[in-house]
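Next come the chains, spelled out residue by residue.
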Amino acid sequence: MVGYDPEANCVSAAEAAAAGSASGLVTRVIISPLDVIKIRFQLQIEQLSSRNPGAKYHGILQAVQRIFQEEGLAAFWKGHVPAQFLSVGYGAVQFMAFESLTKLVHNVTSYNARDSSVHFVCGGLAACTATVAVQPLDTLRTRFAAQGEPKVYCNLRHAVVTMYQTEGPRTFYRGLTPTIIAVFPYAGLQFSFYNILQQFSDWMIPAEGKKGGNVKNLVCGSCAGIISKTLTYPLDLFKKRLQVGGFEQARAAFGQVRTYSGLLDCIRQIMREEGPSGFFKGLSPSLLKAAVSTGLVFFWYELFCSLLCALKNIDSAARKEG
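Residues numbered from 1 in each chain as written. Predicted model: local features only at pLDDT ≥ 70, side-chain atom pairs only at ≥ 80, totals over all residues. Heavy atoms only, no water.

By the naming in an unreviewed UniProt entry, the protein chain is Mitochondrial thiamine pyrophosphate carrier, taken from Ardeotis kori. As its UniProt record puts it under Subcellular location (unreviewed entry), the protein chain is described as follows: "Mitochondrion membrane". The Catalytic activity (unreviewed entry) comment attached to the protein chain in UniProt states, word for word, "thiamine phosphate(out) + thiamine diphosphate(in) = thiamine phosphate(in) + thiamine diphosphate(out)". (UniProt positions renumbered as here; feature names shortened; annotations may be inferred.)

So, in structure tokens, the structure goes:
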């Protein structure tokens, strides 16, 4: 169902956008705690180890306990409002663009729209389009998830006004360069590996055993998420570090803070102070989040598309009978 299929052309671009939005909304509610923990790990300068007395967070379970004790249960959904807008908007633009691009490839080129290389390119381009559209929301989500107590931003409106007045409109696009650099291969690999794994499962599982399609979508999506996230993770970390630039006062309670003049300066400082392992801080919760979120995104998207197709078929059958 993901990507244009001339033999089963059922979902329009608008319907793909609706299914993508619904998929993003449901998935975001579930994976928000993992996202908060991942961001906290990425922004910590100190080594993620219990042997480092200056480190606030040591591991996933310790971070969960500490955040809960210090900030309460609601802290795991910090920044959820902009994050939810982000997920809904991103899902809509990404899947609408992906379906449109794969259809365009089928209609104007000799390439097969179901080919994994086509899914890689179209998936990357669709994600870049969605990223530019929702980058301000991503920056807001990161700021909310990163701030401790007392809060710098009281609510979404206060954050937007404060950031605009004190840092200017460009601050909403902090970290866009590494985001674009990272999102093309990340999303391209997601769609490509999802397509490859789907084809592999169809080859491995006999026709009579293909009843658990939804479970297959979830597993294929999870595996695609783990592979793509591992290969592109450092760029996501650079983005997060750059997005909290000018936000140092809210980070004081979390340990050391750093200011970066740009992407290359960020890479140099991390390499010098934190070593190569610094590029992979927060990888564990990030992989867990990638497995859960990517699996759920594809699972819900396929499910919502199937529901839309079923409703269209029922409506078409009713019209014929009428």
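From this point, things continue past the structure.
A. Spatial organisation of the state of the cysteines. In this structure the tally under the stated criterion is zero disulfides. Here C220 is not cross-linked by a disulfide; its sulfur's nearest cysteine counterpart is in C223, at 6.8 Å. (Disulfide = S-S within 2.5 Å.)

B. Fine view of the domain arrangement of the protein chain. Here the protein chain is described as being made up of domain 1 (11-78 + 280-311) and domain 2 (79-147 + 149-190). The C-alpha-based centres of domain 1 and domain 2 are spaced at 15 Å. Facing 23 residues of domain 1, the contacting portion of domain 2 comprises 23 residues. Carbon and sulfur atoms make up 62% of the surface buried where domain 1 meets domain 2, a total of about 1900 Å² over both sides. Area buried by domain 1 at its contact with domain 2 is led by R28, I39 and K78, which between them contribute 31% of it. On the surface where domain 1 and domain 2 come into contact, there are zero salt bridges. The interface formed by domain 1 and domain 2 contains five residue pairs in polar contact (both at pLDDT 80 or more). Of all the elements in the fold, those that place two or more residues in the side of domain 1 that touches domain 2 are helix 1 (13-43) and helix 9 (283-321). Broken down by element, the residue count for the side of domain 1 that touches domain 2 peaks at 15 residues, all from helix 1. Of the residues contributing to the side of domain 1 that touches domain 2, the split by class is 13 nonpolar, five polar and five charged. (Domains from an automatic or database assignment. Contact = heavy atoms within 4.5 Å. Buried area = accessible area lost by both parts, 1.4 Å probe. Salt bridge = Lys/Arg side-chain N within 4 Å of Asp/Glu carboxyl O. Polar contact = N/O pair within 3.5 Å; in protein donor to acceptor, adjacent residues only side chain to side chain. Helix = DSSP H or I, 4+ residues; strand = E, 2+ residues; numbered from the N terminus. Nonpolar A, V, L, I, M, F, W, Y, C, P; charged D, E, K, R; others polar.)

C. Focus on the packing of helix 4 (residues 116-146) against helix 6 (residues 176-204). Helix 6 packs onto helix 4 with a crossing angle of 140° between their chain directions and a minimal axis gap of 7 Å. Between helix 4 and helix 6, the angle falls in the class oblique. In the crossing of helix 4 with helix 6, the sense of the turn from one axis to the other is right-handed. Per-class residue counts for the contact of helix 4 with helix 6 are 15 nonpolar, 10 polar and no charged. (Axes fitted to C-alpha atoms, helices over the stretch in contact; angles between N-to-C directions. Parallel < 35°, antiparallel > 145°, perpendicular 65-115°, else oblique. Left-handed = near helix turned anticlockwise from the far one by under 90°.)

D. Examining the packing of aromatic side chains more closely. Throughout the structure, instances matching the rule amount to 12 aromatic pairs. Between F95 and Y301, the ring centres sit 3.8 Å apart and the planes meet at 15°, which makes this aromatic pair stacked. Here F95, found in helix 3 (residues 80-108), pairs with Y301, found in helix 9; they are 206 residues apart in sequence, far enough to count as distant. Its relative accessible area of 2% is what places F95 among the buried residues. A ring pair is formed by F238 and F279, whose centres lie 5.5 Å apart and whose planes are at 90°; its orientation type is edge-to-face. Here the residue F238 occupies a position in helix 7 (residues 213-243), and F279 occupies one in the loop between helix 8 (263-274) and helix 9, the gap between them amounting to 41 residues. By the burial criterion, F238 is buried, and F279 matches it. Its guanidinium or amino end placed over the ring of Y186, K229 lies 4.5 Å from that ring's centre, counting from NZ or CZ. (Phe/Tyr/Trp six-rings, centres within 6.5 Å; stacked < 30°, edge-to-face > 60°. Buried < 20%, exposed > 50% of the residue type's maximum accessible area, 1.4 Å probe, protein only. Lys NZ or Arg CZ within 6 Å of the ring centre and 35° of its normal.)

E. The UniProt feature "repeat: Solcar" (unreviewed entry) in the protein chain, seen in detail. Sites flagged by UniProt as "repeat: Solcar" (unreviewed entry) map to residues 11-104, 114-200 and 212-307. Between the C-alpha atoms that bound residues 11-104 the distance is 14 Å, and the span itself is 72% helix and 0% strand.

F. A look at the side chain of S192. Counting through the fold element by element, S192 comes out in helix 6. In this structure the side chain of S192 is engaged in a polar contact, spanning 3.3 Å, whose partner is the backbone oxygen of S116. Those residues in contact with S192, other than ones at most four positions away along the chain, are S116, H119 and F120.

G. Main features of the packing of helix 1 against helix 2 (residues 60-71). Running from N to C, helix 1 and helix 2 cross one another at 100°; their axes reach a closest spacing of 11 Å. One finds that helix 1 runs roughly perpendicular with respect to helix 2. Contacts between helix 1 and helix 2 involve I37, R40 and F41 from the former and I60, A63, V64, I67 and E71 from the latter. Partitioned by chemical class, the residues of the contact of helix 1 with helix 2 number six nonpolar, no polar and two charged.

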